[in-house]
Each structure stands twice: as C-alpha cells, then as structure tokens.
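If you want the building blocks of each chain, they are given just below.
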Amino acid sequence: MKYSFCAGAASVGCIMLSCLLLFWNPYTEIPVSDKTILIVFMMLILPAFIGILAAILRNRMLMLVVLIWSLPYGIYLSVASIPSIWNLYAAVLILYVISLIRKETAYKGAL
C-alpha cells in the first residue's frame, strides 16, 4: 500500500502544478493559448491521470510508461527557470521513480 502512495502523490502533485501553470500562473498575467493547454494536458496531465490508475492497480509497467511520457516536459519545466515553483516538477519525477523502485522491491519481497 505504501508504494502506491508515492505514485498517487506524484500524480496528484503533477495535476495541481499543471493547473497552477495553466490557470493561476504567479509569474505572468498573460493567459495561455489553447495550444499550450493542449500540450500540457497531453504531456503532463493525461499521464498523471494514468499514474493515478497505475497507483490504484499497482501496475509497474503502467507507471514506467507514465514516467517516460512525463520525463521530457517535466525536466524542461523543472530546469527552465531556477528558482521557481516549477522546480517542483523535478520532485514529481523523483516520486515517480521512487514508486517504480518501491514497486519492484515490493514484488521481489512477495516472491
């Protein structure tokens, strides 16, 4: 149960950060375009919803897909502006990796 908490926390955190980025960005007053909303939804929010599903199902391969899918945009947003709140995307990616490692050790312990 503990290893699925990391995956769920990472996914919920990613969704919250992405909503903050799109709708309540503290660094700009300029509204984001429809294309930006689509890109963030497809590359960060959709994998995060799949990550919640992977946490519920405790599916390691699905969580690996989520990590690989989120990795390029997560890394970009986490290092594009240092320091900023968007550096928390690195924490989300780290939690995805931790959940993969914990799931692997949990499966080995069950054998």
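Residues numbered from 1 in each chain as written. Predicted model: local features only at pLDDT ≥ 70, side-chain atom pairs only at ≥ 80, totals over all residues. Heavy atoms only, no water.

A. Representation of the nonpolar core in the model. If you look at the biggest cluster of nonpolar residues, it comprises 23 residues, and the most contacted ones within it are Cys 14, Met 63, Tyr 89 and Tyr 96. Elements supplying a minimum of two residues to this core: α1 (2-23), α2 (34-57), α3 (60-79) and α4 (88-110). Residues within four places of Cys 14 in sequence aside, it is in contact with Leu 44, Ala 48, Tyr 89, Val 92 and Tyr 96. (Core = buried A, V, L, I, M, F, W, Y, C linked by side-chain atoms within 4.5 Å. Buried < 20%, exposed > 50% of the residue type's maximum accessible area, 1.4 Å probe, protein only. Helix = DSSP H or I, 4+ residues; strand = E, 2+ residues; numbered from the N terminus. Contact = heavy atoms within 4.5 Å.)

B. Here's a closer look at the packing of aromatic side chains. Tallying each qualifying case throughout the model produces two aromatic pairs. Ring geometry for Phe 23 versus Trp 24: centroids 6.0 Å apart, planes at 65°, classification edge-to-face. By relative accessible area, Trp 24 is classed as exposed at 60%. (Phe/Tyr/Trp six-rings, centres within 6.5 Å; stacked < 30°, edge-to-face > 60°.)

C. Here's a closer look at unusual backbone geometry. A cis geometry characterises the amide bond from Ile 82 onward to Pro 83, with omega recorded as -10°. Tracing the backbone through its elements, the reader meets Pro 83 in the loop between α3 and α4.

D. Region of the structure containing the packing of α2 against α3. It is the contact of α2 with α3, at a shortest axis distance of 9 Å, that shows an interaxial angle of 145°. Handedness of the crossing formed by α2 with α3: left-handed. For the pair α2 and α3, contact is made by Ile 39, Met 42, Met 43, Leu 44, Leu 46, Pro 47, Ile 50, Gly 51, Leu 53 and Ala 54 and by Leu 62, Met 63, Val 66, Trp 69, Ser 70, Tyr 73, Gly 74 and Leu 77, respectively. Within the contact of α2 with α3, the residues separate by chemical class into 15 nonpolar, three polar and no charged. (Axes fitted to C-alpha atoms, helices over the stretch in contact; angles between N-to-C directions. Left-handed = near helix turned anticlockwise from the far one by under 90°. Nonpolar A, V, L, I, M, F, W, Y, C, P; charged D, E, K, R; others polar.)

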